[in-house]
Amino acid sequence: MIPLQQGAADGVAGGRKCESLLDLIGDTPVLRVATPLPRPHPGFWAKLESVGPATMKARAALSMLRGARERGELRTGAAVVESSSGTLAVGLAFVGSALGHPVVIVADSELDEMTRRLLRAYGARVEIVPQPHPVGGWQRARLDRVHELLAEIPGAYWPDQYNNPDNPAGYREMGRELTVQFDELDAVVCSVGTGGHSAGIASVVRKRWPGVRVVGVDSPRSSLFGQVPGHRLMRGLGSSIHPGNVAYDQFDEVHWVGPAEAADACRRLAARSFVSGGWSTGSTAMVAAWCARELDSDRVVAVFPDGPDRYWESIYDDDFCRHHDLVARAAMPSTVDHPREAVGRRWARCRTVADPCCRRATSGQWCPVCEEGATS
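Computed from a predicted model, the values in this text were never measured in an experiment. (Residues numbered from 1 in each chain as written. Predicted model: local features only at pLDDT ≥ 70, side-chain atom pairs only at ≥ 80, totals over all residues. Heavy atoms only, no water.)

Q: Hey, could you go over the side chain of S283 for me, with residue numbers and the actual values?
A: Residue position: S283 is located in helix α9 (residues 279-295). In this structure the side chain of S283 is engaged in a polar contact, spanning 2.9 Å, whose partner is the backbone oxygen of W279. Non-local contacts of S283, meaning those with residues more than four positions away in its chain, are made with V217, M234, L237, V257 and A262. (Helix = DSSP H or I, 4+ residues; strand = E, 2+ residues; numbered from the N terminus. Polar contact = N/O pair within 3.5 Å; in protein donor to acceptor, adjacent residues only side chain to side chain. Contact = heavy atoms within 4.5 Å.)

This is the structure we're talking about:
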C-alpha cells in the first residue's frame, strides 16, 4: 500500500516557506519501515514526528497555549508552568518562545542532563524535584511542585497536559494528515502517556475508517491500563497517575513492551532504517511490526514521537544497556486476559481495555481508588 502523497519521489521541488516558528509544526512525513523487529513482517509506516522542530509534543503545546490565550486564561507575557519528563518540556519551550511566554518546567532527578541543558539553552527555567512522592511517584511530586510555583509566580498558567482537552485536540491535525497520506489503514499504533495523541488521532481516523484498529502501547508497571504502578526505566510512556485524556473506549487492545525490547527495536531501526528514536518509538515500532504480521498487512501506521538525540547516554550506550540487562528476549507478546497478568512479562498484550478507575481522578491528583503502589 502506497501513501497518496509522493512528494520528492515525483520530482516535486520543495519545502515550506515559514514566517513563524509555529509554521514548522505538523505536516510530518510517513516512511515505510521493513526492518525485522526482530522477525520479518510485511512492513509498516512510521509517522516521523522527529522531523518537526520540537518533536510531537509541539502540537499539544501549541494547542494548549493557543486555547488558553483565546479563553483569557493565559495573559500576554505570562509564565507557563508545567510538569514534564522531557518531551513536552521541549515543545513548550519552543511554542513559548514563539508566543512570548517564559516557560518553567518542573522535572525530576531522572531527567537526562542533555535535556536539562537544552531546555536552559532555549530559555526555559528548569525546576528539579529531588525525590518521588511515596504514593504518586515522580509525577505526583512534580505536580505538587507545580502547584507551589503557581502560588509563587503572579499570573502563571498551568496547561495540565494530563487532563486538558486542548492536548488531544492538538493531535486531530495529525489524524487529518493520515487521512490524506493514506487511502486505507487497518491499524494505528500509539504509545500512551498523557493519552493526548492517541485520543486526538482516533477521533479523526475512526470517522474515515470505522473498522481501523487503535492499539495502545504502555510501559510495564504503569497504572494507565490497570497494572499496579512501580519503578519504570522508560520515560515518555506510561504513568503513575490516571490522566483524564486517555480515551479508553477508543482502544482495541493494549501492549506492554519492556525496556529490553524497546531498546533492541531502537538499535535495529537505527542500523537498518537510519530512522529511530527513544523508548516510545522503539516500543511502538515493535508493536506495529507485530500488527503487520498479525494482520498480514502493510496498512499499519505507527507514530514515532521523537528521534534518538536525547538517548545517546541510555538506549544507544552499551554500558547503560549492560548495566540494566537490556538484552531482548521476547520476539512475540504473551496474550493475557487481564492487565494484572501482564506484570513481570517482557512483552504482553490484552484485548480487554477499560478505565481502571471506578471514579475519575481530578486534575493531577492521585486517584483514590487505585492501589498505593511503589514510586514510578
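Q: Go over the nonpolar core with me, naming the residues and quoting the values.
A: Counting residues in each nonpolar core, the largest one holds 45 residues, and the members touching the most others are L65, L92, V95, L119, F182, V188 and I201. Counting only elements with at least two residues in this core, the list comes to α1 (57-71), α2 (87-99), β4 (103-108), α6 (172-181), β6 (187-191), α7 (196-208) and β9 (300-304). For this core, the leading source of residues is α2, giving eight residues. Of the residues that make up this core, three or more belong to each of domain 1 (21-54 + 165-350) and domain 2 (75-152). Sequence-distant contacts of L119, that is, excluding residues within four places in its chain, are made with A89, V90, A93, I105, A124 and V126. If you look at the next biggest cluster of nonpolar residues, it comprises 39 residues, including V33, L269, A292 and F320. (Core = buried A, V, L, I, M, F, W, Y, C linked by side-chain atoms within 4.5 Å. Buried < 20%, exposed > 50% of the residue type's maximum accessible area, 1.4 Å probe, protein only. Domains from an automatic or database assignment.)

Q: For unusual backbone geometry, give the residues involved together with the corresponding values.
A: Trans peptide bonds make up the majority, and among non-glycine residues the majority have a negative phi. Here the amide bond leading from L37 into P38 is cis, since omega sits at -15 degrees, within 30 degrees of zero. Secondary-structure assignment places P38 in the loop between β1 (30-33) and β2 (44-48). For D296, which is not a glycine, the phi torsion comes out positive at approximately 50 degrees. With respect to the helices, strands and loops of the structure, D296 is situated in the loop between α9 and β9. Overall, the relative accessible area of 65% leaves D296 in the exposed class.

Q: Break down the side chain of E49 for me, citing the residues and quoting the values.
A: If you trace the backbone, E49 turns up in the loop between β2 and α1. The exposure class of E49 is buried, given its relative accessible area of 2%. Polar side-chain contacts of E49 include one of 2.8 Å to the side chain of R59. When near neighbours in sequence (up to four residues on either side) are disregarded, E49 contacts T28, T55, M56, R59, M174, V303, F304 and P305.

Q: Describe the environment of P339, listing the residues and the values that go with them.
A: For P339, the position within the fold is in the loop between β10 (334-336) and β11 (347-350). We classify P339 as buried; its relative accessible area is 6%. Sequence spacing of P339 and V228 is 111 residues, and the spatial spacing of their C-alpha atoms is 9.3 Å.

Q: Quick one: what's the story with the environment of V336, residue by residue and with numbers?
A: Relative to the helices and strands, V336 resides in strand β10. Separated by 14 residues in sequence, V336 and C350 place their C-alpha atoms 5.3 Å apart. The contacts of V336, once residues within four sequence positions are left out, are E341, A342, R345, A348, R349, C350 and R351.

Q: Describe the pairing of β2, naming the residues involved and giving the relevant values.
A: Most of β2 sits out of view: five of its five residues are buried. Here β2 shows no split at all, with F44, A46 and L48 on one side and W45 and K47 on the other all buried. For β1 and β2, the ladder comprises four bridges, and the chain directions are antiparallel. Its bridge partner lying in β2, L31 is registered against A46. With four bridges connecting them, β2 and β9 associate as parallel partners. Paired with K47 across the strands is V303, a residue of β9. (Pairing = 2+ DSSP bridges.)

Q: Mind laying out α1, listing which residues take part and the relevant values?
A: Note that an α-helix has 3.6 residues per turn; residues three or four places apart therefore point the same way. For α1, which comprises 15 residues, the first-to-last C-alpha distance of 21 Å matches the rise-based estimate of 21 Å (1.5 Å per residue) to within 8%. A large share of α1 lies buried, amounting to 11 of its 15 residues. Within α1 the residues assigned to the buried category are K57, A58, R59, A60, A61, L62, S63, M64, L65, G67 and A68. Residues of α1 that are buried sit in contact with β2, β3 (80-83), α2, α5 (166-169) and α6. (Expected span 1.5 Å × (residues − 1).)

Q: Describe the pairing of β3, naming the residues involved and giving the relevant values.
A: When a strand is regular, its side chains alternate between the sheet's two faces. Neither face of β3 is left uncovered, since the one carrying V80 and E82 and the one carrying V81 and S83 both have all their residues buried. With four bridges connecting them, β3 and β4 associate as parallel partners. Looking across to β4, one finds that V80 is bridged to V103. In this region the chain leaves β3, passes through α2 and returns to the parallel neighbour β4; the handedness of that crossover is right-handed. (Right-handed = clockwise from strand over helix to strand, strands pointing away.)

Q: If you had to explain the environment of C190 to someone new, which residues and values would you point to?
A: Mapped onto the secondary structure, C190 falls in strand β6. Judged by its relative accessible area of 1%, C190 falls in the buried class. The spatial distance from the C-alpha of C190 to the C-alpha of N167 is 15 Å, given a sequence separation of 23 residues. If near-sequence neighbours (up to four positions away) are discounted, C190 is found in contact with H197, S198, I201, V215, G216, V217, T284 and V303.

Q: Which residues make up the domain arrangement of the protein chain, and what are the values?
A: Split into domains, the protein chain comes out as domain 1 (21-54 + 165-350) and domain 2 (75-152). Facing 17 residues of domain 1, the contacting portion of domain 2 comprises 22 residues. Of the roughly 1,600 Å² buried between domain 1 and domain 2, counting both surfaces, carbon and sulfur atoms make up 56%. Among the residues domain 1 hides against domain 2, the three largest losses belong to A54, R235 and R310. Together they make up 43% of the total. Connecting domain 1 to domain 2 are three salt bridges. Here R310 makes a salt bridge to D112, at a shortest N to O gap of 3.8 Å. Joining domain 1 to domain 2, the criterion identifies four residue pairs in polar contact (both at pLDDT 80 or more). (Buried area = accessible area lost by both parts, 1.4 Å probe. Salt bridge = Lys/Arg side-chain N within 4 Å of Asp/Glu carboxyl O.)

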